[in-house]
Amino acid sequence: MAEKLIHLPIEEARAAKWRQGREQYGPVFIGHPLEELDEELLDAMNYAEEAARRGFQMAGIREDLHRLCERIRAIYRAAEGISE
């Protein structure tokens, strides 16, 4: 069984995750990276809430993720020429 990504150093885990995606979906990234990142951050907020419900100490994590999501959306809107 392959080692869980959470046990690897972050950059090593990130590279492994990217390789897995390329193996599963092909060599070219498909989709809009900011839209995909936004969806991943929404998922991460949901995971953080679930972890908190299960008793993990998640103080501030959801808020940090929310701020990151706001930043990504601002970058996306700026690139699309959409005012806030």
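The coordinates are above.
Below is a short write-up of the structure. From a predicted model like this one, the values you see are computed outputs, not experimental measurements.

1. Topic: the packing of aromatic side chains
For step 1, the next point in the chain: Counted under the stated rule, the structure contains one aromatic pair.
For step 2, the next point in the chain: With 6.0 Å between their ring centres and 10° between their planes, W18 and F29 make a pair best called stacked. You can see W18 sitting in helix α1 (residues 10-25) and its partner F29 sitting in the loop between α1 and α2 (33-53), a full 11 residues away along the chain.
For step 3, the next point in the chain: When the ring centre of W18 is taken as origin, the NZ or CZ atom of R22, which lies over that ring, is 4.5 Å away.

2. Looking at a negative patch on the surface
For step 1, the next point in the chain: Together, E35, E36, E39, E40, D43 and E80 give the surface a local cluster of negative charge.
For step 2, the next point in the chain: The dominant element in the negative patch, judged by the number of residues it contributes, is α2, at five residues.
For step 3, the next point in the chain: Along the polypeptide, E39 turns up in helix α2.
For step 4, the next point in the chain: For E39, a relative accessible area of 48% translates into the label partly exposed.

3. As for the nonpolar core
For step 1, the next point in the chain: Of all hydrophobic cores here, the largest spans six residues; its members are L41, M45, A48, L65, C69 and I72.
For step 2, the next point in the chain: Within the residue set of this core, elements represented by two or more residues are α2 and α3 (61-80).
For step 3, the next point in the chain: Residues within four places of A48 in sequence aside, it is in contact with M58, I61 and L65.

4. Thoughts on the pattern of salt bridges
For step 1, the next point in the chain: Across all of its chains, the model carries six salt bridges by this definition.
For step 2, the next point in the chain: With a closest N to O distance of 2.5 Å, E49 and R62 form a salt bridge. Here the residue E49 occupies a position in helix α2, and R62 occupies one in helix α3, the gap between them amounting to 13 residues.
For step 3, the next point in the chain: Assessed through its relative accessible area of 30%, E49 is described here as partly exposed.
For step 4, the next point in the chain: Its relative accessible area of 32% is what places R62 among the partly exposed residues.
For step 5, the next point in the chain: Note that E50 and R53 form a salt bridge whose closest N and O atoms lie 2.9 Å from each other. Placement of both E50 and R53 in helix α2 is noted, with a separation of three residues, approximately one turn of the helix.
For step 6, the next point in the chain: The partly exposed category is assigned to E50, whose relative accessible area is 29%.
For step 7, the next point in the chain: Through salt bridges that share partners, E50, R53 and R54 make up one connected network.

Quick notes on the rules
Residues numbered from 1 in each chain as written. Predicted model: local features only at pLDDT ≥ 70, side-chain atom pairs only at ≥ 80, totals over all residues. Heavy atoms only, no water. Phe/Tyr/Trp six-rings, centres within 6.5 Å; stacked < 30°, edge-to-face > 60°. Helix = DSSP H or I, 4+ residues; strand = E, 2+ residues; numbered from the N terminus. Lys NZ or Arg CZ within 6 Å of the ring centre and 35° of its normal. Patch = residues over 30% accessible without salt bridge, like charges linked within 9 Å, V, L, I, M, F, W, Y side chains within 5 Å. Areas by Shrake-Rupley, 256 points an atom, 1.4 Å probe, with all protein chains shown as cover. Salt bridge = Lys/Arg side-chain N within 4 Å of Asp/Glu carboxyl O. Lys, Arg positive; Asp, Glu negative; His and termini not counted. Charge placed at Lys NZ, Arg CZ, Asp CG, Glu CD. Buried < 20%, exposed > 50% of the residue type's maximum accessible area, 1.4 Å probe, protein only. Core = buried A, V, L, I, M, F, W, Y, C linked by side-chain atoms within 4.5 Å. Contact = heavy atoms within 4.5 Å.

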